[in-house]
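Next come the chains, spelled out residue by residue.
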Amino acid sequence: MTSDNDRRRGLLARLRGRPAARSRGRRRLGAALRLIAALTLAGGAYTVFAPGVQAQENPPLTSAAAEGKALFDVSCVTCHGRNAQGVEGRGPSLIGVGAASVDFQVSTGRMPMARQEAQAMRKPPVFTADQVDQLAQYIQELGGGPEVPEGDLRRGADLATGGELFRINCSQCHAFGGGGGALSSGKFAPSLRPASDRQIYAAMLSGPQNMPVFGDNQITPEQKADIIAYIQETLKHDQDQGGFNLGRYGPSTEGLAIFLVGLVALVFASLWIAGKS
Amino acid sequence: MKRRKFDVAAVPAKTAGAVDDRFQVATPLRKLLNKVFPDHWSFLLGEIALFSFVVLLLTGVFLTFFFEPAMTEVVYNGSYAPLRGTPMSAAYASSLDISFDVRGGLIMRQMHHWSALLFMASIVVHMLRVFFTGAFRKPRETNWIIGSLLFWVGFLAGFTGYSLPDDGLSGTGLRIASAIMLSIPVIGSWLTSSIFGGEFPGTIIISRFYIAHVLLIPGLLLALIGVHLGLVFKQKHTQWPGPGRTNENVVGERMFPRYALKQGGFFMVVFGVIALMGGLFQINPIWYFGPYEAWVVSAASQPDWYVMFLDGSTRLMPAWEVHIPIGDGYVIPPLFWPTVVLPGILVGISLAYPFLEARHLKDRKHHNLLQRPRDVPARTAAGAMALAFFVVLTLSGANDVIADKFQISLNAMTWAGRIGLLIAPPVAYYVTYRLCLGLQQHDREVLAHGVETGIIRRLPDGRFVEVHQPLASGDGHAELDYVGWVVPKKMNRLGALGPAIRGFFYPIEKPAEAPVSPGHPPVEPRTEREEIGSGEGRR
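Residues numbered from 1 in each chain as written. Chains lettered and ligands numbered in written order. Predicted model: local features only at pLDDT ≥ 70, side-chain atom pairs only at ≥ 80, totals over all residues. Heavy atoms only, no water.

Novice: How do you make sense of the overall build of chain B when you look at a structure like this?
Specialist: Counting its secondary structure elements, chain B contains 16 helices and eight strands. Expected size for 539 residues packed as a compact globule is a radius of gyration near 24 Å; at 31 Å, chain B overshoots this value by more than 25%. Its C-alpha atoms put chain B at 105 × 90 × 65 Å along the principal axes. Accessible surface, chain B as shown: approximately 30,300 Å² in total, 65% of it carbon and sulfur. Taken together, the 48 basic and 40 acidic charged side chains of chain B have centroids lying 9 Å from each other. (Helix = DSSP H or I, 4+ residues; strand = E, 2+ residues; numbered from the N terminus. Rg over C-alpha atoms; globule rule 2.2 N^0.38 Å. Areas by Shrake-Rupley, 256 points an atom, 1.4 Å probe, with all protein chains shown as cover. Lys, Arg positive; Asp, Glu negative; His and termini not counted. Charge placed at Lys NZ, Arg CZ, Asp CG, Glu CD.)

Novice: I keep staring at the confidence of the model for chain B and nothing clicks. Help me out?
Specialist: Should the pLDDT be low somewhere, the predicted coordinates at that spot are not to be read in detail. Looking at chain B, pLDDT values average 90 and 92% of them are 70 or higher. Model confidence for the complex is summarised by a pTM of 0.85, with the ipTM given as 0.88. (pLDDT = per-residue confidence, 0-100.)

Novice: Which parts of the structure should I look at to understand the packing of helix α14 (residues 377-397) of chain B against helix α16 (residues 410-449) of chain B?
Specialist: In helix packing, the relevant descriptors are the interaxial angle and the interaxial distance, both defined with respect to the helix axes. Residue and element names in this part refer to chain B. At a closest axis distance of 8 Å, the pairing of α14 and α16 adopts a crossing angle of 150°. Here α14 lies roughly antiparallel to α16, going by the angle between them. When the axes of α14 and α16 are compared, the crossing they make is right-handed. Broken down by class, the residue content of the contact of α14 with α16 amounts to 19 nonpolar, six polar and no charged. (Axes fitted to C-alpha atoms, helices over the stretch in contact; angles between N-to-C directions. Parallel < 35°, antiparallel > 145°, perpendicular 65-115°, else oblique. Left-handed = near helix turned anticlockwise from the far one by under 90°. Nonpolar A, V, L, I, M, F, W, Y, C, P; charged D, E, K, R; others polar.)

Novice: Sorry if this is basic, but what is going on with the side chain of glutamine 302 of chain B here?
Specialist: Among the secondary structure elements, glutamine 302 of chain B is positioned in the loop between α11 (286-289) and α12 (308-316). For glutamine 302 of chain B, a relative accessible area of 4% gives the class buried. Among the polar contacts listed, one links the side chain of glutamine 302 of chain B to the side chain of aspartate 400 of chain B, at a separation of 2.7 Å. If we ignore the near neighbours within four places in the chain, the residues touching glutamine 302 of chain B are Tyr249, Pro251 and Ser252 of chain A together with Leu169, Met308, Asp311, Arg315, Gly397, Ala398, Asp400 and Val401 of chain B. (Buried < 20%, exposed > 50% of the residue type's maximum accessible area, 1.4 Å probe, protein only. Polar contact = N/O pair within 3.5 Å; in protein donor to acceptor, adjacent residues only side chain to side chain. Contact = heavy atoms within 4.5 Å.)

Novice: Would you mind showing me how to read the side chain of glutamine 110 of chain B here?
Specialist: By the element assignment, glutamine 110 of chain B lies in helix α5 (residues 105-133). Glutamine 110 of chain B sits in the buried class, given a relative accessible area of 1%. For glutamine 110 of chain B, the side chain forms a polar contact with the main-chain nitrogen of isoleucine 283 of chain B, separated by 3.1 Å. Among all residues touching glutamine 110 of chain B, those that are not within four sequence positions of it are Gly242 of chain A together with Gly278, Phe281, Gln282 and Ile283 of chain B.

Novice: Looking at this structure, how should I read the interface of chain B and chain A?
Specialist: Across the contact, 66 residues belong to chain B and 55 residues belong to chain A. Across the chain B/chain A interface, buried area totals approximately 4,800 Å², and carbon plus sulfur atoms make up 68% of it. A per-residue breakdown of the area chain B buries against chain A is headed by Trp41, Gln282 and Tyr288 of chain B, which together make up 15% of the total. Connecting chain B to chain A are zero salt bridges. Put simply, chain B and chain A have 18 residue pairs in polar contact (both at pLDDT 80 or more) between them. Elements with a minimum of two residues in the side of chain B that touches chain A: α3 (45-64), α5, α10 (255-280), α11, α15 (399-405) and α16 of chain B. Among the elements that take part in the side of chain B that touches chain A, α10 of chain B stands out by supplying 11 residues, more than any other. The class makeup of the residues in the side of chain B that touches chain A is 41 nonpolar, 15 polar and 10 charged. (Buried area = accessible area lost by both parts, 1.4 Å probe. Salt bridge = Lys/Arg side-chain N within 4 Å of Asp/Glu carboxyl O.)

Novice: Is there a simple way to think about the packing of helix α13 (residues 336-361) of chain B against α14 of chain B in this case?
Specialist: All names here are of chain B. Contact geometry of α13 with α14 gives a least axis separation of 14 Å together with a crossing angle of 165°. With respect to α14, the element α13 is oriented roughly antiparallel. Crossing angle aside, the handedness with which α13 passes α14 is left-handed. On the side of α13, the interface is formed by Leu342, Leu346, Tyr353 and Glu357, while α14 contributes Arg379, Phe389 and Leu393.

Novice: For this particular structure, what's the right way to read the packing of aromatic side chains?
Specialist: Where two aromatic rings form a pair, the distance of their centres and the angle of their planes describe that pair. Inspection of the entire model under this criterion finds 37 aromatic pairs over all chains. Between phenylalanine 166 of chain A and tyrosine 230 of chain A, the ring centres sit 5.5 Å apart and the planes meet at 45°, which makes this aromatic pair tilted. Taken together, the positions of phenylalanine 166 of chain A in helix α8 (residues 159-169) and tyrosine 230 of chain A in helix α11 (residues 221-236) put the pair 64 residues apart, joining distant regions of the chain. Here phenylalanine 166 of chain A and tyrosine 230 of chain A have matching classes, each one buried. Note on phenylalanine 51 of chain B and phenylalanine 267 of chain B: the rings are 5.3 Å apart at their centroids and 75° apart in plane angle, and the pair reads as edge-to-face. Taken together, the residues phenylalanine 51 of chain B in helix α3 and phenylalanine 267 of chain B in helix α10 connect sequence positions 216 residues apart. (Phe/Tyr/Trp six-rings, centres within 6.5 Å; stacked < 30°, edge-to-face > 60°.)

Novice: I tried to follow the pairing of strand β8 (residues 464-469) of chain B on my own but got confused; where do I start?
Specialist: Two faces belong to every sheet, and in a regular strand the side chains alternate between them. Residue and element names in this part refer to chain B. Two elements, strand β7 (residues 451-458) and β8, share five bridges in a ladder whose sense is antiparallel. Counterpart to valine 451 in the pairing with β8 is glutamine 469. Hairpin geometry of β7 and β8 is characterised by an intervening segment of five residues between the two adjacent antiparallel strands and by a positive phi of about 100° at glycine 462. (Pairing = 2+ DSSP bridges.)

Novice: Would you take a moment to explain the environment of leucine 117 of chain B for this structure?
Specialist: With respect to the helices and strands, leucine 117 of chain B occurs in helix α5. Taking the relative accessible area as the measure of exposure, leucine 117 of chain B reaches 1% and is therefore buried. Leave out the neighbours within four places in its chain, and leucine 117 of chain B touches Glu254, Gly255 and Ile258 of chain A together with Ile283, Asp304, Trp305 and Tyr306 of chain B.

Novice: Looking at this structure, how should I read the nonpolar core?
Specialist: In this structure, Trp114, Phe155 and Tyr306 of chain B are the most contacted members of the largest nonpolar core, which totals 79 residues. Here this core gets 11 residues from one element, more than from any other, and that element is α5 of chain B. In contact with tyrosine 306 of chain B, not counting residues within four places along its chain, are Leu117, Met120, Phe151, Phe155, Gly158, Phe159 and Tyr162 of chain B. Core analysis: the next-biggest nonpolar cluster, separate from the first, contains 36 residues, Leu153, Phe166 and Ile228 of chain A together with Trp287 of chain B among them. (Core = buried A, V, L, I, M, F, W, Y, C linked by side-chain atoms within 4.5 Å.)

Novice: Explanation requested: the pattern of salt bridges in the structure shown.
Specialist: Opposite charge on two side chains lets them pair, provided their charged atoms get close. This model, assessed by the stated rule, comprises 19 salt bridges over all chains. Measuring nitrogen to oxygen at the nearest pair gives 2.7 Å for the salt bridge that ties lysine 224 of chain A to aspartate 216 of chain A. Between arginine 248 of chain A and aspartate 240 of chain A there is a salt bridge; the shortest N-O distance is 3.2 Å. Both residues of the pair, arginine 248 of chain A and aspartate 240 of chain A, belong to the buried class. If you follow the salt bridges from partner to partner, you end up with Asp39, Glu253, Arg258 and Lys262 of chain B in one network.

Novice: Sorry, what's going on with α13 of chain B here?
Specialist: At 3.6 residues per turn, the α-helix brings residues three or four places apart onto the same side. All names here are of chain B. Compared with an ideal rise of 1.5 Å per residue, which puts 26 residues at 38 Å, α13 spans 35 Å between its outermost C-alpha atoms and is within 8% of the ideal. The sharpest bend along α13 comes to roughly 55°, located at tyrosine 353, with the proline proline 354 sitting one to four residues further on. Here α13 has its buried residues at Phe336, Pro338, Thr339, Leu342, Pro343, Ser350, Tyr353, Pro354 and Glu357. On its buried face, α13 is in contact with α5, α6 (141-163), α7 (168-182), α12, β6 (330-332) and α14. A positive backbone phi angle near 50° is found at lysine 362, which sits one or two residues after α13. (Expected span 1.5 Å × (residues − 1). Bend = angle between axes of the 7 residues up to and from the residue.)

Novice: For this particular structure, what's the right way to read α8 of chain A?
Specialist: The complete set of buried residues in α8 of chain A reads Ala160, Gly162, Gly163, Leu165, Phe166 and Arg167 of chain A. In this structure, the buried residues of α8 of chain A make contact with α9 (171-174) and α11 of chain A together with α11 of chain B.

Novice: How should the environment of glutamine 199 of chain A be read in this particular structure?
Specialist: All names here are of chain A. The topology assignment puts glutamine 199 in helix α10 (residues 197-206). Looking at glutamine 199, the relative accessible area reads 9%, which means it is buried. Expressed as a C-alpha distance, the spacing of glutamine 199 and arginine 155, which sit 44 residues apart in the sequence, is 16 Å. Those residues in contact with glutamine 199 that sit more than four places away from it in its chain are Phe104, Ser107, Thr108, Arg122 and Pro194. Of the polar contacts made by the side chain of glutamine 199, one reaches the side chain of arginine 122; its length is 3.1 Å.

Novice: Can you help me understand a positive patch on the surface in this one?
Specialist: A grouping of Lys138, Arg359, Lys362 and Arg364 of chain B is seen on the molecular surface, where their side chains present a positively charged patch. Owing to a relative accessible area of 63%, arginine 364 of chain B belongs among the exposed residues under this scheme. (Patch = residues over 30% accessible without salt bridge, like charges linked within 9 Å, V, L, I, M, F, W, Y side chains within 5 Å.)

Shown next as structure tokens:
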């Protein structure tokens, strides 16, 4: 009977080793202690299992992305924050910008940025091509987004279509010769001269800085190939048929040339002719 | 068989005699050929304009053979691959053909454009010369007015000309021109629709501009240039004041042979410079602009330099709209002030300037002698002020290119232009005025004390003074009056170095022995130096 009772009694009572006719106060204390213990256990279990739960939703990073994350945590984290979530007033979140954006910004040396200013400048790139790929892979695995396709980016391109599309979509800012142009408040559209096929494609996809995004539903990949071909083959590699192009800045440098070259030469000629007497 | 002897040397005389027998031209021709022109390099600036106009006519005629002034749509199929298959106007297609398929077409097009820029540039520089030297004064006010009109007619010729190829840039310019016309109150919309034959761009504007550009405007230019030169002949050329030159004579070279030969040579030089620029420097690469489409506006779309000041005034103008509450309300757009009112004021001031100045100075005399700019500080300073105004506007017309290439904020450029437009002209006025007074002062100083010789003399009391060569003969400091002549400032102007060595790059004759300047014995070779010691070593 006693042992039955013992069995039915709580663990604590058995540990105490003696049946106790406890007061109501003691029983309440015990309940409270049990509650605290249960809560601690549940909390502990949560802390132990929670990361595991999240990892179940996001598959673990591939090795390239892990390399990228390592690079990110050294070079980018100051402004873009932990896990590329962004830092208020310093750098935007990179979740969802996609590999195309990383490809453009890092391979042109714009990122890491030297300082906060109107616009990031093109610089000699800090990272190698492999490192750029790793960073791009990390950002891509973090939040998805547009990616530059592999392979020849101007396969089967049509120069005439490319030219027309360039003049409609690009020349407003990058100017007819691709030399770039000014935007408001110190911002500018950069020259297209140093840009590679991949960088132009990435820029169209991601719309860096002040550039609008030209997604695949606005300009199809085939049309993008046309534009890239026009820039690379006509604007960059076409020799200027008319001679020295004066920087292709339009009539402003032509006006400068007529004064500095034409008129100066002729004034010297007139000095010479009038001096012959 | 006896051959008649053919005397070649007698042919010109005999031919001339035969011509004179029939047309009696010897007397008027002698008068013409003996006409005297004063010689100074600054008088050749107008000739640059004249000669570039001749080049414009020659190259322009060549271009008309191949240009098709029509806006009918064609599909380009010429040799420029990046535009093949693109629909465009016949005008643009034929301009591309001139550039790529007509033999010598591109250099002709480029020479035409460069000579147009040179024509306008030399007009402006010539005008500045005339202004700063006071050549516009009575009796030459008419020629000043004609000259000013030539600038504006040339402006129209240039605008209609660079609109003709119907490329993206020229279409953008036309769109702006139509907007300027639309901004004129009351008549704007009628004016625009009558010029464009309806809504912009219509289908007729290129044909209309073509006939204006190849017939009406060149005809007007030719007529104005004819009157301009006729008046120079009739009124005779002005000359610089100097020894033997008075208000009543002209000292210079006869028209024939010297002046004519020099001018013939100078024409060749102008032609050569234009041809070199046409061949070496690319101008208006229309193939990059593409055919004009209303939705295509490239960055760095500027007009040619002589229109750029209006572009600049438009960029600097704040967006002030004037609302007039009549009927449904009426708006004068901000574009009206910088592009219609401002040029109107500029034309008015430039045409009226000779009369304004004469009225202000109560000057009714004839003036055939020029003034040195330093002698009329107020006018020179006013001219500098106008020039500063023009330069600020022109630079502002290219402010996006400047902002981009020099990495300045475009907004800062606009504000610099606005402030500069108000500050730069008065500063230019003040600085120029002081410069003129300073130069005059120095001239008077030299006249009073003579030219600095560079010879330093040590006086017995140990002071050093520079020896001055007095310009007046006689004892020491006979002061000369300042009469507006060039004052020699260097000893070699006084013949101290002997005659100049002839030859352009290397002497073509043995240089003469430099004569010894009067009053100074020839310099003896230096005697051997003697060591000055303590005297110990000599013993």
